[in-house]
Every structure is written in C-alpha cells, then in structure tokens.
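# Coordinates in review
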Amino acid sequence: MNNSLVVQNVSSAYTVRKGFGRKTVKPILNDVSLEIAPGEICGLVGESGSGKTTLGRCILGLVDYEGEITVDGMRQRSGGGTAHRREMARRVQAVFQDPAASLNPAKRVGWLLEEPLRIHGVSGAAERRRRAGEMLDLVGLDGAYRDRRVNELSLGQKQRVSIGCALMLNPGLIIADEPVSSLDVSIAAQILNLFRDLHERLGLALLFISHNLDLVYWFCSRIAVMEKGRIVEQGAAEDLYRSPQHPYTQKLLEAGR
Ligand SMILES: Nc1ncnc2c1ncn2[C@@H]1O[C@H](COP(=O)(O)OP(=O)(O)O)[C@@H](O)[C@H]1O
Ligand SMILES: [Mg+2]
C-alpha cells in the first residue's frame, strides 16, 4: 500500500524581487523528509516563520521545490497542468486557519460543497445535491444550512464548511494548516473533535500544522519539529513530548508551560 505522503529531501526557496529588476533567493526549506502512513495523524510544529506553511504549499503543488513529494504514490509538482492538478486534488486537500478567507461569502453552503464535484465533472444535479447533503451531515451541520450564505455563519460553522469542501472528492490526506488557531477555545475543541471523528470514520490521514506543541501532542500520534526550514526531530508523540532530544523541541515545550 502506498504511503499517504512521502516527502524526500525537499528544499524550497522564494525568489524575492528587490526592485530595479534585482532579485534575491531566500531559502526556506532545507532537506526536509517526512512520511505519513495511511490514516495517520502527524503533527508539524515549529515557531512562526519556520517554514511549516511553505512545506504544506509544496505538498499541495502550490510552490516549486527540489527533492520528491508523492501523495498516495503520485508525484506532486507545481505547474503540472490541469489533468495532473485534478488527479492530485483527489489525493490531497487543505484546510486553512481562516475559513472566511477561503470561502466566497456570497455563496450558499450547498453551492460551495457541490463546486468541487462540478469542477471534477461529477454529473447529475441530483447526485451532487445528494452528496452535498451527506457531507453536511458528516461535518455536523443541519440540512437547513444548505441554503444559508457563508456570511450568515459563525466562524466555527465556516470552518465546518471548509472541511466539508475539502472532503467532497474523498482525498486520503488533508493538510490542516493551523485550522483552529483563529477560533475560541470551545469552538476549537469542537473542530478538533470533528477532525478526529472524520479521521476515524473515513480513515483520513492528516498533516496537522500548528505552532502549539501541547496541542499537537494532544491531537497527533506522531510529531515532526521544524526549526528554520529543517526537521530537527520527529517521532512518536509520546516519546517526543516526554523526552525531547533536540534543544529546540525542549525550548518549544518550555515556552508552552
Ligand atoms: N511568498 C513568499 N515570498 C517570500 N517569502 C515568503 C513567502 N511566503 C513565506 N515567506 C517566508 O518564508 C518563511 C517561512 O514562512 P512560512 O512557511 O509561512 O512559515 P510558518 O508557516 O512556519 O509560519 C518566512 O520567513 C516567511 O517570511
Ligand atoms: Mg504558517
């Protein structure tokens, strides 16, 4: 069986334009390797600016990289063309920190849930409607929400809709980039419970990105720690939390206490 995610020796840099046609190359990721088994929840933790989002964007095919990334056995790359993008979209999807930014506020929930199906040519309005209805139920929203507009929803409800949109094509892997960082504690707990429930019911693998090591420990079975674009330590959550080996991991733990 293919691993959900294999990241091998990945490096990535941004080209920063300095004006007057001058450019500099800003290295971000340095020789990153990481694997996620099918149905596994892996945490990626590190301070702001360490490169977590950039790694997520490489995995999603949004950023160029050197090295190799495969998702369920298929190689990811940016600029791969429509057919390749569609193939990858069935393997990996993302949920971001700010659901309001990723959902069109004027659209109705049902329309948004059906959109990935329309893009991917799932034919039949009745079939799309049925699958959107199932998804509402799966993410814990009453059927009446189908006809609500996004701007009428609470932040937690919006995050449920963006999770639903991410799941419409049945991907095996979700990149969840700080998915609860903009939510109040009680709403954050509900969304984390939803992720865990989906993980159990669908066998979904998750790369859970967060700056909060305590949260990652609580939620994930394995953890990778990123410092300045390198993974400095990774292992079973329990081991890493109880006896952190790298000084940076120890520092993150201290910071949380
Ligand atoms: N589009 C971009 N162009 C140039 N630099 C960027 C860009 N996006 C992020 N960076 C830089 O890359 C580094 C890592 O950012 P990011 O991956 O967002 O880290 P994290 O998610 O861990 O906070 C930061 O120094 C950030 O300023
Ligand atoms: Mg980030």
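As the structure is a prediction and not an experimental result, all values here were calculated from the model.

### A look at the overall build of the chain
Summing up its helical and strand segments, the chain has 10 helices and 10 strands in all. The C-alpha atoms of the chain give a radius of gyration of 19 Å, which matches the 18 Å a tight globule of 257 residues would have. Buried residues in the chain amount to 40% of all 257 residues. Relative to all contacts within the chain whose residues are 6 or more apart in sequence, the contacts with residues 24 or more apart total 66%.

### What to know about the site of ligand 1
Taken together, the residues surrounding ligand 1 are Tyr14, Val16, Lys26, Ile28, Gly46, Ser48, Gly49, Ser50, Gly51, Lys52, Thr53 and Thr54. Those elements giving two or more residues to the shell around ligand 1 turn out to be β1 (5-19), β2 (22-36) and α1 (52-59). Counting residues per element, the shell around ligand 1 draws most heavily on α1, at 3 residues. For the shell around ligand 1, the residue count by class is 3 nonpolar, 7 polar and 2 charged.

### Remarks on the sheet that holds strand β7 (residues 173-177)
Taken together, 6 strands build an open sheet; the order of strands is β6-β7-β8-β3-β9-β10 and the sheet is mixed. Taken across any chain shown, the strands that pair with only one partner, and hence form the sheet edges, are β6 (92-95) and β10 (230-236). Direction aside, neighbouring strands of the sheet carry axes that sit 20° apart on average. When strand β3 (residues 41-45) meets strand β9 (residues 222-227), the two strands line up parallel, connected through 4 bridges. Each bridged residue has a counterpart across the sheet, and for Cys42 the counterpart in β9 is Arg222. Most of the contacts of helix α6 (residues 155-167) go to β6, to which it runs at about 175°, and overall it touches β6 and β7.

### Remarks on the pairing of β10
With 6 bridges connecting them, β9 and β10 associate as antiparallel partners. Looking at β10, one finds that Ile223 is bridged to Gly235.

### Structural notes on the environment of Leu173
In this fold, Leu173 is placed in strand β7. Sequence spacing of Leu173 and Leu5 is 168 residues, and the spatial spacing of their C-alpha atoms is 7.8 Å. Not counting the four nearest positions on each side in its chain, Leu173 is found in contact with Ser4, Leu5, Ile36, Val71, Arg91, Val92 and Ala205.

### Comments concerning unusual backbone geometry
One non-glycine residue, Glu178, lies in positive phi territory at about 50°. Relative to the elements of secondary structure, Glu178 occurs in the loop between β7 and α7 (185-202). On the basis of neighbour counts, which here come to 19 C-beta atoms within 10 Å, the residue Glu178 falls in the partly exposed class. Non-glycine residue Lys228 carries a positive phi angle of around 45°.

### Describing the nonpolar core
The biggest cluster of nonpolar side chains holds 67 residues, and the ones touching the most others in it are Ile59, Ile174, Ala176, Leu206, Leu207 and Phe208. Non-local contacts of Leu206, meaning those with residues more than four positions away in its chain, are made with Ile41, Ile174, Ala176, Phe195 and His199.

### A word on the sheet that holds strand β5 (residues 74-75)
Judged by pairing direction, the sheet is antiparallel, and its 4 strands sit side by side in the order β2-β1-β4-β5 without closing on themselves. Edge positions in the sheet fall to β2 and β5, since each of these pairs with one other strand and no more. Bridge analysis of strand β4 (residues 66-71) against β5 gives 2 bridges, and the strand direction is antiparallel. Within β5, the residue paired with Thr70 across the bridge is Arg75. Helix-sheet contacts for α1 involve β1, β2 and β4, and the interaxial angle to β1 is about 110°.

### Here's the deal with the pairing of strand β8 (residues 205-210)
Extensive coverage of β8 is indicated by the burial of 6 of its 6 residues. Of the two faces of β8, both are covered, the one formed by Ala205, Leu207 and Ile209 as well as the one formed by Leu206, Phe208 and Ser210. Here 5 bridges tie β3 to β8, and the two strands are oriented parallel to one another. Paired with Gly43 across the bridge in β8 is Phe208. For β7 and β8, the ladder comprises 5 bridges, and the chain directions are parallel. Bridging across to β8, Asp177 finds its partner in Ile209. Considered for its hand, the β-α-β crossover made up of β7, α7 and β8 is right-handed.

Parameters at a glance
- Residues numbered from 1 in each chain as written.
- Chains lettered and ligands numbered in written order.
- Predicted model: local features only at pLDDT ≥ 70, side-chain atom pairs only at ≥ 80, totals over all residues.
- Helix = DSSP H or I, 4+ residues; strand = E, 2+ residues; numbered from the N terminus.
- Rg over C-alpha atoms; globule rule 2.2 N^0.38 Å.
- Buried ≥ 20, exposed ≤ 12 C-beta atoms within 10 Å, placed from the backbone.
- Contact = placed C-beta atoms within 7 Å.
- Near = placed C-beta within 6 Å.
- Nonpolar A, V, L, I, M, F, W, Y, C, P; charged D, E, K, R; others polar.
- Pairing = 2+ DSSP bridges.
- Axes fitted to C-alpha atoms, helices over the stretch in contact; angles between N-to-C directions.
- Core = buried A, V, L, I, M, F, W, Y, C linked by C-beta atoms within 7 Å.
- Right-handed = clockwise from strand over helix to strand, strands pointing away.

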